[in-house]
Number of protein chains: 2
Amino acid sequence: MAITLYDLAGAEADRRFSPFCWRTRMALAHKRLEVETVPWRFTEKDKLPSPSQGRVPVIVDGDRVVHDSTAIAEYLETSYPDRPLFGNETGRALTQFIQNWTETVVQPGVVRFVVLDIHRHIRPQDQAYFRQSREERFGTTLEKFAENREAQLPAFRESLAPLRRTLERQSFLSGAAPAYADYIVFGAFQWARAISDFELLDADDPVAAWRGRLLDLFGGLARKSPAYGG
Amino acid sequence: MAITLYDLAGAEADRRFSPFCWRTRMALAHKRLEVETVPWRFTEKDKLPSPSQGRVPVIVDGDRVVHDSTAIAEYLETSYPDRPLFGNETGRALTQFIQNWTETVVQPGVVRFVVLDIHRHIRPQDQAYFRQSREERFGTTLEKFAENREAQLPAFRESLAPLRRTLERQSFLSGAAPAYADYIVFGAFQWARAISDFELLDADDPVAAWRGRLLDLFGGLARKSPAYGG
């Protein structure tokens, strides 16, 4: 039986743009597990399987409900040990660092570039919730927060230096083949690509070439998903 | 027969302060290999075993000469596979990211705080070389480069967020036990500690607690080494 994934959607049901849901989507494909996705919107708190934390990703696998991309990755690795996501215990521990780097450097960098596009491309009934929750988090209006995004771009690209330098010397963060650490970082780029036409990367950036390799994985799973970016 | 390590020294022969040499020192201890260190100074290019790259660390293991901390770690892992430094191939690949993060974020952050102390604590005959090579690299005088270090401290501590967040949830970067990724990052802190009394971390920072655990490893190898820091 296929695993069900509750997956954040934009105004169109097939526009999937959560960086966290993309981690899970790629992990499921990596494990070659069958999946059926359910589009879910920010304000549909009551449509999630119970017990609910009001957020996605959530997966339902038979009678198991698992919340949170990190818990889902752990669950998949334990329940479906073939095609490892982490390597071994050291790889699992180091993947935590990659995740924390992504969540303290990459995602906070990306959000300024795409936050107005997110607001633009979700349903009207979700916009008020999105604006209020994000303006509370950022401590300012979405418009103010997103100001001068071109001027922020050099610092953002510079912040990717450790990723860039690594990808100059190996095809994937995880080495010759991709694994969960790649999917974590890729989620941030696929988030931007799905919801915004703002280009984060120089065309000749090794990070752009790596993103291209990730887009091609699993029969072009991420590349075929609706996106405003190239 | 013990492995010989050429190890950067300050004015005193037993003050060892290279971040790269500390990676190697910890890796050798991790593998429980016997080592004899040879103090080496910046201007002693002709005292290194040949073929020489004019830099340390260099190890001599029987008839093998290996340069560069990364090449040395690879050599040790291949020649002495017990007590792995990386875990497996995924761990090795992710360790590259940690190294690149250390070299693009942590070490460039630390150097401003300690560069004048390095200059102060090396031999007079090495000071001119150090000043000239570093001023060329930084594009300004050492004094200008090191200005207002207190004012730089909050941004430096903030740049450690991915490390801090990881160490809030696990004892070492590499998980329950330390491995080479820990030694890479630790090298930057032991560099500062050996040569400077400037305190990089808040006492209650989880990064400081982790540094303490690294200082205690291998019978207090790093803690017992001469240091101006606590």
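Going by the structure above, here's the rest.
Residues numbered from 1 in each chain as written. Chains lettered and ligands numbered in written order. Predicted model: local features only at pLDDT ≥ 70, side-chain atom pairs only at ≥ 80, totals over all residues. Heavy atoms only, no water.

Draft legend 1. Spatial organisation of the interface of chain A and chain B. Taken together, the contact between chain A and chain B spans 27 residues of the former and 27 residues of the latter. Among the residues chain A hides against chain B, the three largest losses belong to A:Leu94, A:Phe97 and A:Arg165. Together they make up 29% of the total. Here chain A and chain B share two salt bridges between them. The partner of B:Arg165 in a salt bridge is A:Glu103, with the nearest N and O atoms 3.4 Å apart. For the pair chain A and chain B, the interface holds six residue pairs in polar contact (both at pLDDT 80 or more). Listed by contribution, the elements that provide at least two residues to the side of chain A that touches chain B are helix H3 (89–120) and helix H7 (161–167) of chain A. Element by element, the count of residues in the side of chain A that touches chain B is highest for H3(A), at 13 residues. In the side of chain A that touches chain B, the residues fall into 11 nonpolar, 12 polar and four charged. (Contact = heavy atoms within 4.5 Å. Buried area = accessible area lost by both parts, 1.4 Å probe. Salt bridge = Lys/Arg side-chain N within 4 Å of Asp/Glu carboxyl O. Polar contact = N/O pair within 3.5 Å; in protein donor to acceptor, adjacent residues only side chain to side chain. Helix = DSSP H or I, 4+ residues; strand = E, 2+ residues; numbered from the N terminus. Nonpolar A, V, L, I, M, F, W, Y, C, P; charged D, E, K, R; others polar.)

Draft legend 2. Structural view of the pattern of salt bridges. A complete count under the given rule lists 40 salt bridges over all chains for this structure. Between A:Glu89 and A:Arg92 there is a salt bridge; the shortest N-O distance is 3.4 Å. Of this pair, A:Glu89 and A:Arg92 both sit in helix H3, separated by three residues, roughly a single helical turn. By relative accessible area, A:Glu89 is classed as exposed at 54%. Judged by its relative accessible area of 19%, A:Arg92 is buried. As a salt-bridge pair, B:Asp117 and B:Arg120 come within 2.3 Å of each other at their nearest N and O atoms. Remark: B:Arg120 and B:Asp117 occur in helix H3 (residues 89–120); sequence separation between them is three residues, near one turn of the helix. You can call B:Asp117 buried: its relative accessible area is 6%. (Buried < 20%, exposed > 50% of the residue type's maximum accessible area, 1.4 Å probe, protein only.)

Draft legend 3. View of the pairing of strand E1 (residues 3–8) of chain B. All names here are of chain B. When you tally the buried positions in E1, you get six out of six residues, the bulk of the element. In this sheet, strand E2 (residues 35–40) lies alongside E1 in parallel orientation, the contact comprising six bridges. The partner of Asp7 across the bridge, within E2, is Pro39. One crossover worth recording links E1 to the parallel E2 by way of helix H1 (residues 19–30), and it is right-handed. (Pairing = 2+ DSSP bridges. Right-handed = clockwise from strand over helix to strand, strands pointing away.)

Draft legend 4. Focus on the sheet that holds strand E4 (residues 64–67) of chain B. All names here are of chain B. Here we have four strands laid out as an open sheet, ordered E2-E1-E3-E4, and mixed in their pairing. Edge positions in the sheet fall to E2 and E4, since each of these pairs with one other strand and no more. Direction aside, the axes of adjacent strands within the sheet are offset by 20° on average. The strands touched by H1 are E1, E2 and strand E3 (58–61); relative to E1, the strand with the most contacts, the crossing angle is about 150°. Contacting E1, E3 and E4, helix H2 (residues 69–79) runs over the sheet at an angle of about 135° to E4. (Axes fitted to C-alpha atoms, helices over the stretch in contact; angles between N-to-C directions.)

Draft legend 5. A look at the packing of H1(B) against H3(B). Residue and element names in this part refer to chain B. Where H1 contacts H3, the axes come no closer than 13 Å and their chain directions differ by 145°. The element H1 and its partner H3 pack so that their crossing is right-handed. Mapping the contact onto sequence places Pro19, Phe20 and Arg23 in H1 and Gln99, Thr102, Glu103 and Gln107 in H3. (Left-handed = near helix turned anticlockwise from the far one by under 90°.)

Draft legend 6. Broad picture of the environment of B:Glu34. Here B:Glu34 shows up in the loop between H1 and E2. If we skip the residues at most four places from it in the chain, B:Glu34 touches B:Ala2 and B:Ile3.

Draft legend 7. Representation of the sheet that holds strand E1 (residues 3–8) of chain A within the structure. Residue and element names in this part refer to chain A. Taken in spatial order, the four strands line up as E2-E1-E3-E4 in an open sheet, and their pairing is mixed. With partners counted over all chains shown, the strands left at the sheet margins are strand E2 (35–40) and strand E4 (64–67), one partner each. Each strand axis lies, on average, 20° off the axis of its neighbour in the sheet, ignoring direction. Sitting on the sheet, helix H1 (residues 19–30) is in contact with E1, E2 and strand E3 (58–61), with an inclination near 150° to E1. Sitting on the sheet, helix H2 (residues 69–79) touches E1, E3 and E4, and the angle it makes with E4 is about 135°.

Draft legend 8. Local environment of helix H9 (residues 206–224) of chain B. Residue and element names in this part refer to chain B. Between its terminal C-alpha atoms H9 stretches only 22 Å, short of the 27 Å expected from 19 residues at 1.5 Å a residue. The largest bend in H9 comes to about 125°, at Phe218. Taken together, the buried positions of H9 are Val207, Ala208, Trp210, Arg211, Gly212, Leu214, Leu215, Leu217, Gly220 and Ala222. Buried-residue contacts for H9 involve H1, helix H7 (161–167) and helix H8 (180–195). Between the side-chain oxygen at the start of H9 and the backbone nitrogen of Val207 there is a gap of 2.8 Å, and the oxygen is on Asp205. (Expected span 1.5 Å × (residues − 1). Bend = angle between axes of the 7 residues up to and from the residue.)

Draft legend 9. Fine view of unusual backbone geometry. Residues and elements named next belong to chain A. Of note, the bond from Ser50 into Pro51 is cis; its omega dihedral lies within 30 degrees of zero at 0°. Relative to the helices and strands, Pro51 is located in the loop between E2 and E3. Following Val56, the chain continues to Pro57 via a peptide bond in cis, the omega torsion being 5°. By secondary structure assignment, the location of Pro57 is in the loop between E2 and E3. Backbone geometry places Asp68, a non-glycine residue, at a positive phi of 85°. In this fold, Asp68 is placed in the loop between E4 and H2. Of note, the phi angle at Asn148 is positive, near 55°, even though the residue is not glycine. With respect to the helices, strands and loops of the structure, Asn148 is situated in the loop between helix H5 (142–145) and helix H6 (149–159).

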